[in-house]
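# Geometric and topological summary
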2 protein chains.
Amino acid sequence: MSKGSNNNPSRRQFLSGAAVAGAGIAVAGAARAGDPLITEVQQWARGLGEGVDATPYGLPIRFETDVVRRNVPWLTADPISSINFTPIHALDGTITPQGCAFERHHSGAIELSKDDYRLMINGLVDTPLVFTYADLERFPRQTHVYFCECAANTGMEWAGAQLNGAQFTHGMIHNMEYTGIPLRTLLEEAGFDTSAKWVYVEGADASSNGRSIPMEKALDDVLVAFKANGEALRKEHGYPVRLVVPGWEGNMWVKWLRRIEVADAPVESREETSKYTDTLANGVSRKWTWVMDAKSIITSPSPQAPIRHGHGPLVITGLAWSGRGAISRVDISKDGGKTWETARLAKPGEKMALTRFYLDTTWNGEEMLLQARAMDETGYVQPTKAQLREVRGENSIYHNNCIQTWWVQSNGEAENVEVS
Amino acid sequence: MSKGSNNNPSRRQFLSGAAVAGAGIAVAGAARAGDPLITEVQQWARGLGEGVDATPYGLPIRFETDVVRRNVPWLTADPISSINFTPIHALDGTITPQGCAFERHHSGAIELSKDDYRLMINGLVDTPLVFTYADLERFPRQTHVYFCECAANTGMEWAGAQLNGAQFTHGMIHNMEYTGIPLRTLLEEAGFDTSAKWVYVEGADASSNGRSIPMEKALDDVLVAFKANGEALRKEHGYPVRLVVPGWEGNMWVKWLRRIEVADAPVESREETSKYTDTLANGVSRKWTWVMDAKSIITSPSPQAPIRHGHGPLVITGLAWSGRGAISRVDISKDGGKTWETARLAKPGEKMALTRFYLDTTWNGEEMLLQARAMDETGYVQPTKAQLREVRGENSIYHNNCIQTWWVQSNGEAENVEVS
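Residues numbered from 1 in each chain as written. Chains lettered and ligands numbered in written order. Predicted model: local features only at pLDDT ≥ 70, side-chain atom pairs only at ≥ 80, totals over all residues. Heavy atoms only, no water.

### Observations concerning the relation of the copies chain A and chain B
Here chain A sits on chain B after a turn of 180° about the axis and a move of 0.0 Å along it, with an RMSD of 0.0 Å. As the rotation angle and translation indicate, the two copies are arranged about a two-fold axis. Nearest to the rotation axis, the C-alpha of Pro97 of chain A is located 3.6 Å from it, this being the minimum over chain A. Counting the interface residues of chain A, we find that 100% of their copies in chain B are interface residues as well, pointing to one common contact surface. (Least-squares fit on C-alpha atoms with pLDDT ≥ 70 in both. Contact = heavy atoms within 4.5 Å.)

Structure follows, in structure tokens:
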């Protein structure tokens, strides 16, 4: 019998790199001759399973109960004004299911029905307008996949390696397919003053979470969205309507959107003065730092996803993104940044959306200092923590997009560490 | 004050087409001066919402309880061997959330843990292999969005217009981002005989649901998948591992995949002889009709999504797909196929994935016979029901990809009808 794949270089490459595990699989296969899971008819093949009437809306199987959002109680005084984290260490691909997409609330997630929903556009407009939800459904829609990253993602890592897991260091991010109306369309419906340089957007919750957005961005790609991943937004993501501000910090993606005021100046609200500014080493704070710069994270192996198998083939995988456009390349280092290999992108990068990368490699128990480094289409290269601290100091909370290091030990366990 | 949009043709077009509704929105805005929803501080702005610790895994808000899978009890003798339907009439965009993605079982959905999972490759191979779930995680992965359509989708419509809603006529379809291993990689690992022209795939459930797949397809784009939309497959979709056979009928996407046998001939199993063949008018049955041809459906307006608003702007939207490649164009008719307008695609069509289309139009209460007609990159044009019957007769169940007609009445209600 001849192998059908003798002329396939990808297979030769995999097998040559994977001789030990190839043998491992064959040995295990032999050992499994007596494995009752393959020699006996299993209980699940002897009877009937669950019918199609059982779960009108399905949930994950009970074996996956660890793949959930988690909050860190000591991070904030109260879960009402707090954050939880997407379990990115356990996901693959790029889409984040709504059910495990991180939440950030300033006064808790409110329940607001479509019937009770109103959206006002006022300020420097010809005709102030109030839209019902049904009104919004009549405007031309767009559908796009975008990431939403909290400005504070990785914010606990400025002073050191603090949180042990990709979910906690990098899980304030999700990536969904949004359907909505370009904000431009609604502004044009109201007839906005061309001298107006800003819009102020606020939500219907008690915090109102108001933010000023330059008119240039408002007219570019901002969406007034009502669907995510095909279905209605979840309560915790702003049902029935939220703002989608591609590539910009999550705080501006106002949930339960109730008002858009066209203005000639920014409001300088609480959310853009006392918060969401970046304090430098000399005490000066930068404001209007809206864009989320290029960033990446290895999701597996990682502290919550250690290597549990033997030596041989290992898949290193993770996510990369940039608020300035598409990811063009991701490199991976196993030695803390001394040498780099270019990862394989699952598909060409898309603007302001998560990109999945893979490095198909071999691991024989050597310790690794694993790092990923993202590049975007503008030529920007994700900085090291040292480079970022040089410019920004250590007083910041927001916009930490430095290269992350996982120390993978010979037993496959991984830890969050810093390399100098 | 001058409008910022005077030079924007899209706005002029929308307003000129939407004069009545534009006025309608303005009138409603005026009427809403006394609307307590905008003049008073609402209860949801007076207190706190739910904290981030409330729902580790979120579900849709209670107002969306109608957006669920539904089964039709009279269709089958028992829900154990039956089907339910994706609520496509209520979704937008292209991604189908797993929770409301249709199910089809032949002996019910089984519960199979990763620890208990085994995948055997045997038959005409150098080395029969048995993989554990952990073994599979070590092979190079791919991530792709594909639609999965049951061959029987629209199957009740051969003899007439029977089921009143897009969910029931066209809801045996879903579209998810899958992560998995190319089947080719596993076949190469086992070393397959180049004379082998088929693989036979079967599931771990009692039905086993075995199907024969030509080796050419097996080596092309078939995936052994373990994630959908980023997270683990749901129980009802084959947790922990299913086959993904892009563009081909859903029955071949074997769930709870347990065995792949490399063979020199097809097995001619129950699932490819007594079922999943297409009986013509003369009684002869075609077999091996695997590919799902180009098809489309208007999801809104539709019987379950009638027009509830007044005259003026109307968004007509729906889905199109082809098992032979990318959708290149979708046309919409309001008069039962006499005249056609080209719809706007949300983004360029992707191979074997759902494409969302929109037609931004005006409706002033006239009756409509709404139809969509898909074209794919091969030049194939979706046929009328008459054209399909001419070739296929009326004895078929499977592969009904004819143009669907919704009769939209002056009150906005819609019905499933046939046009001659």
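### Comments concerning the sheet that holds strand β19 (residues 344-345) of chain B
Residue and element names in this part refer to chain B. Within the open sheet, the 4 strands sit side by side as β15-β16-β20-β19. Their pairing is antiparallel. Of all the strands in the sheet, the pair left with one neighbour each is β15 (295-300) and β19. The pairing of strand β16 (residues 312-321) with strand β20 (residues 355-363) spans 9 bridges and is antiparallel. Bridge pairing links Gly318 to Phe357 in β20. (Pairing = 2+ DSSP bridges. Helix = DSSP H or I, 4+ residues; strand = E, 2+ residues; numbered from the N terminus.)

### Points about the confidence of the model for chain A
All names here are of chain A. Per-residue confidence for chain A gives a mean pLDDT of 91; residues scoring 70 or more make up 92%. Contacts from residues 1-24, a stretch scored under 50 in pLDDT, to residues over four places away or in other chains number 38 contacts. Within the model, pLDDT remains below 50 along residues 26-31, and this stretch shows 1 contact once partners closer than five positions in the same chain are excluded. (pLDDT = per-residue confidence, 0-100.)

### Things to note about the UniProt feature "domain: Moybdenum cofactor oxidoreductase dimerisation" (unreviewed entry) in chain A
In the numbering adopted here, UniProt assigns the feature "domain: Moybdenum cofactor oxidoreductase dimerisation" (unreviewed entry) to residues 286-404 of chain A. The span residues 286-404 of chain A is 7% helical and 39% strand by assignment, and the distance between its end C-alpha atoms comes to 24 Å. (UniProt positions renumbered as here; feature names shortened; annotations may be inferred.)

### Examining the pattern of salt bridges
Residues and elements named next belong to chain A. All told, the structure shown has 62 salt bridges over all chains when counted by the stated rule. A salt bridge links Arg344 to Asp360; the shortest N-O distance between them is 3.0 Å. Here Arg344 is found in strand β19 (residues 344-345), whereas its partner Asp360 is found in strand β20 (residues 355-363), with 16 residues between them in sequence. Relative accessible area serves as the criterion here: at 29%, Arg344 is assigned to the partly exposed category. (Salt bridge = Lys/Arg side-chain N within 4 Å of Asp/Glu carboxyl O. Buried < 20%, exposed > 50% of the residue type's maximum accessible area, 1.4 Å probe, protein only.)

### Some thoughts on the domain arrangement of chain A
One frequent convention defines the size of an interface as the accessible area lost when the parts assemble. All names here are of chain A. Here the domain parsing of chain A yields domain 1 (70-160 + 168-286) and domain 2 (295-417). Its C-alpha centre places domain 1 at a distance of 27 Å from the equivalent point of domain 2. At the junction of the two partners, domain 1 supplies 37 residues and domain 2 supplies 35 residues. Both sides together, the interface formed by domain 1 and domain 2 hides about 3,200 Å², and carbon and sulfur atoms give 54% of it. Taken together, the connections running from domain 1 to domain 2 amount to 21 residue pairs in polar contact (both at pLDDT 80 or more). For the side of domain 1 that touches domain 2, the elements supplying multiple residues, two or more each, are β5 (142-149), α6 (166-170), β6 (173-182) and β13 (278-279). (Domains from an automatic or database assignment. Buried area = accessible area lost by both parts, 1.4 Å probe. Polar contact = N/O pair within 3.5 Å; in protein donor to acceptor, adjacent residues only side chain to side chain.)

### As for the environment of Met252 of chain A
Residues and elements named next belong to chain A. With respect to the element layout, Met252 can be found in the loop between β11 (242-244) and β12 (257-263). Expressed as a C-alpha distance, the spacing of Met252 and Gly210, which sit 42 residues apart in the sequence, is 8.0 Å. Apart from the residues within four sequence positions on either side, Met252 is in contact with Val201, Arg211, Ser212, Ile213, Leu243, Val245 and Trp290.

### Quick word on the interface of chain A and chain B
Contact residues are listed per partner, giving 115 residues for chain A and 116 residues for chain B. Taking both sides of the interface into account, the surface hidden between chain A and chain B amounts to around 10,500 Å²; carbon and sulfur atoms contribute 57%. Considering only the side of chain A, the residues that lose the most area to chain B are Trp44, Val52 and Arg138 of chain A, jointly responsible for 9% of the buried surface there. Where chain A touches chain B, the interface holds 10 salt bridges. Notably, a salt bridge pairs Lys235 of chain B with Glu50 of chain A, separated by 3.1 Å at the nearest N-O pair. Along the contact surface separating chain A from chain B lie 50 residue pairs in polar contact (both at pLDDT 80 or more). For the side of chain A that touches chain B, the residue count by class is 48 nonpolar, 32 polar and 35 charged. (Nonpolar A, V, L, I, M, F, W, Y, C, P; charged D, E, K, R; others polar.)

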